[in-house]
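# Residue-level structure breakdown
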Amino acid sequence: MSNARSIGYWTTTGLTVFVLASGGIADLLHRGGTAAGMTELGYPTYVMTILGFWKVLGAIALAVPRFPLVKEWAYAGAFFDLTGGFVSHIAHRSAANHLIYTGFFALCVVASWALRPASRKLDVPVFRGLGRVSESEDVTPGPIAVTA
């Protein structure tokens with residue numbers, strides 16, 4: 001992994017883990033400003049407990065080594081959470097700073113996922129074409145069947 005790629009990965013992953021962990025804790029504690037924001041967007045406050053639980057678990061999953069399948073789920077959950085928040089703020093016509101923050105952190109999730117090292121990727125044949133192919137594998141395309 002190149003130095004620039006490694007720095008990009010760890011920077012975006014660190015930001016993602018921090019946002020998930022701090023947001024999850026704020027949700028679990030039903031922190032005043034967080035609860036007010038959820039209510040303002042039209043969500044019941046019990047949703048904070050559900051989201052908070054999964055955000056904290058997602059932060060842990062992204063921070064610890066191994067468990068690539070769990071990491072894939074954590075990345076998906078973080079992306080759904082942040083893009084859902086982004087769309088909720090658009091629908092509610094929230095202040096621009098809400099869109100900037102949720103949009104930026106959603107991009108951090110995507111960048112972290114895309115820059116992750118091979119040791120943190122799920123080794124599934126369908127994903128091998130996306131950059132994780134061992135040197136011993138033949139990646140030349142086979143014959144193409146054409147049907148009439």
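Before any of the text, the structure's been laid out above.
In what follows, the accompanying structure is described. From a predicted model like this one, the values you see are computed outputs, not experimental measurements.

## Overview of the overall build of the protein
A tally of regular secondary structure across the protein gives five helices and zero strands. In the protein, the succession of α and β elements from N to C terminus is α-α-α-α-α. Out of the 148 residues in the protein, the part that is buried amounts to 30%. Accessible surface, the protein: about 9,600 Å² in total, of which carbon and sulfur atoms supply 71%.

## Some remarks on the side chain of T16
Along the chain, T16 falls in helix α1 (residues 3-28). Residue class for T16 comes out buried when judged on its relative accessible area of 4%. Residues within four places of T16 in sequence aside, it is in contact with L62, C108 and V109.

## Some words on the environment of A63
Here A63 is to be found in helix α3 (residues 46-63). Residue classification places A63 among the partly exposed positions, given a relative accessible area of 42%. As a C-alpha pair, A63 and W10 span 53 residues in sequence and 10.0 Å in three-dimensional space. Ignoring any residue separated from it by four or fewer positions in sequence, one finds A63 in contact with V17 and R120.

## Observations regarding the side chain of T102
Looking at the secondary structure, you find T102 in helix α5 (residues 96-115). According to the relative accessible area criterion, T102 is buried, its value standing at 13%. Separated by 3.5 Å, the side chain of T102 and the backbone oxygen of L99 make a polar contact. When neighbours within four sequence positions are excluded, T102 is seen to be in contact with L82, G85, F86 and H89.

## Regarding the nonpolar core
If you look at the biggest cluster of nonpolar residues, it comprises 15 residues, and the most contacted ones within it are L20, L62, Y75, L82, F105 and V109. When contributions to this core are tallied by element, the ones reaching two or more residues are α1, α3, α4 (68-92) and α5. With residues up to four places along the chain from it excluded, the contact list for L20 reads K55, V56, G58, A59, L62 and A78.

## Notes on the pattern of salt bridges
This structure, assessed with the given rule, holds three salt bridges. One salt bridge in this structure joins K55 and D81, with 3.9 Å as the shortest N-O distance. Of the two residues, K55 is situated in helix α3 and D81 in helix α4; the sequence distance between them amounts to 26 residues. For K55, a relative accessible area of 15% corresponds to the buried category. Ionic pairing is found between E72 and R116, a salt bridge with its closest N-O pair at 2.7 Å. Taken together, the positions of E72 in helix α4 and R116 in the segment after α5 put the pair 44 residues apart, joining distant regions of the chain. On the accessibility criterion, R116 (8% relative accessible area) is buried.

## Thoughts on the packing of α1 against α5
At their nearest, the axes of α1 and α5 sit 8 Å apart, and the two run at 135 degrees to each other. With respect to their mutual orientation, α1 and α5 come out oblique. Every pair of crossing elements has a handedness; the one defined by α1 and α5 is left-handed. Contact residues: R5, G8, Y9, T12, T13, L15, T16 and V19 in α1; F104, F105, C108, V109, A111, S112, A114 and L115 in α5. Its residues assigned to classes, the contact of α1 with α5 comprises 10 nonpolar, five polar and one charged.

About the thresholds
- Residues numbered from 1 in each chain as written.
- Predicted model: local features only at pLDDT ≥ 70, side-chain atom pairs only at ≥ 80, totals over all residues.
- Heavy atoms only, no water.
- Helix = DSSP H or I, 4+ residues; strand = E, 2+ residues; numbered from the N terminus.
- Buried < 20%, exposed > 50% of the residue type's maximum accessible area, 1.4 Å probe, protein only.
- Areas by Shrake-Rupley, 256 points an atom, 1.4 Å probe, with all protein chains shown as cover.
- Contact = heavy atoms within 4.5 Å.
- Polar contact = N/O pair within 3.5 Å; in protein donor to acceptor, adjacent residues only side chain to side chain.
- Core = buried A, V, L, I, M, F, W, Y, C linked by side-chain atoms within 4.5 Å.
- Salt bridge = Lys/Arg side-chain N within 4 Å of Asp/Glu carboxyl O.
- Axes fitted to C-alpha atoms, helices over the stretch in contact; angles between N-to-C directions.
- Parallel < 35°, antiparallel > 145°, perpendicular 65-115°, else oblique.
- Left-handed = near helix turned anticlockwise from the far one by under 90°.
- Nonpolar A, V, L, I, M, F, W, Y, C, P; charged D, E, K, R; others polar.

Functional significance is not addressed by these values, which are geometric in nature.
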